[in-house]
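Here is what each chain is made of, one letter per residue.
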Amino acid sequence: MEIGFAQSNDIDGWIKLLELVKDNFPGLDMDEYKKGLSTRILEQGALVAKENDTLIGALLFSRESKELEFLAVHPQYRRLGTATALVQYMFAFFPKGSCITVITYREDDPKGKAARDLYKRIGFMPGELITVFDYPCKKFIYINK
């Protein structure tokens, strides 16, 4: 597996991955997402994991707001360390001591069990309860080491 910054020629593969997992992202507007993706690619805030030139994982982050904004792994490549590798790769772009946040599902939401478990394993700590796109969510916080 190779991880690096996404390039504009990765957009088609990214969107194919997104089509597979879009039901896990309430409030997703594909047109707005595509615009944001292009911007993040230009800002070097988009990472991809590839296996033999196939895009198997994707991560968006904001250096400005210190937030992991999106993380997805192709269903056939889950539980192989792809998500962990992407998140850990992202940490290198934040100064030590930075407070990095991610928003995911609440504890009682079965949709988010895998994501919550992943973030806890990596070292994110549960934070405040919030609502995003009229959906109940939870913020997790990581202090970069």
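Structural data are supplied above this passage.
Residues numbered from 1 in each chain as written. Predicted model: local features only at pLDDT ≥ 70, side-chain atom pairs only at ≥ 80, totals over all residues. Heavy atoms only, no water.

Novice: Explain the pairing of strand E3 (residues 54–62) to me, using residue names and the numbers behind them.
Specialist: Most of E3 sits out of view: 8 of its 9 residues are buried. Where strand E2 (residues 46–51) meets E3, 6 bridges bridge the pair, whose relative direction is antiparallel. Note that in E3 the partner of Glu51 across the bridge is Thr54. Between E2 and E3, which pair antiparallel and follow one another directly, the connecting turn spans 2 residues, one of which, Asn52, has a positive phi of 50°. What sits between E3 and strand E4 (residues 67–73) in their antiparallel hairpin is a turn of 4 residues, with Lys66 showing a positive phi close to 55°. (Buried < 20%, exposed > 50% of the residue type's maximum accessible area, 1.4 Å probe, protein only. Helix = DSSP H or I, 4+ residues; strand = E, 2+ residues; numbered from the N terminus. Pairing = 2+ DSSP bridges.)

Novice: Help me get a handle on the nonpolar core, residues and values and all.
Specialist: If you look at the biggest cluster of nonpolar residues, it comprises 22 residues, and the most contacted ones within it are Leu59, Leu71, Val87, Met90 and Phe124. Only E2, E3, E4, helix H3 (82–91), strand E5 (99–105), helix H4 (113–122) and strand E7 (135–143) provide two or more residues apiece to this core. Element by element, the count of residues in this core is highest for H3, at 5 residues. Among residues more than four places away in sequence, those in contact with Phe124 are Val87, Phe91, Ile100, Thr101, Val102, Tyr119, Phe140, Ile141 and Tyr142. Grouped together as the second largest cluster of nonpolar side chains are 17 residues, Ile15, Met30, Tyr33 and Val48 included. (Core = buried A, V, L, I, M, F, W, Y, C linked by side-chain atoms within 4.5 Å. Contact = heavy atoms within 4.5 Å.)

Novice: I'd love a proper account of the sheet that holds E4, names of residues and values included.
Specialist: Overall, mixed pairing links the 7 strands, which are arranged E1-E2-E3-E4-E5-E7-E6 in an open sheet. Edge strands, defined here as strands with exactly one partner in the open sheet, are strand E1 (2–5) and strand E6 (125–132). Pairwise comparison of adjacent strand axes, ignoring direction, gives a mean angle of 25° for this sheet. In the packing of helix H2 (residues 30–42) onto the sheet, contacts are made with E2, E3 and E4, and the angle to E3 comes to roughly 80°. Packing of H3 onto the sheet brings it into contact with E1, E2, E3, E4, E5 and E7, and relative to E3 it is tilted by some 40°. (Axes fitted to C-alpha atoms, helices over the stretch in contact; angles between N-to-C directions.)

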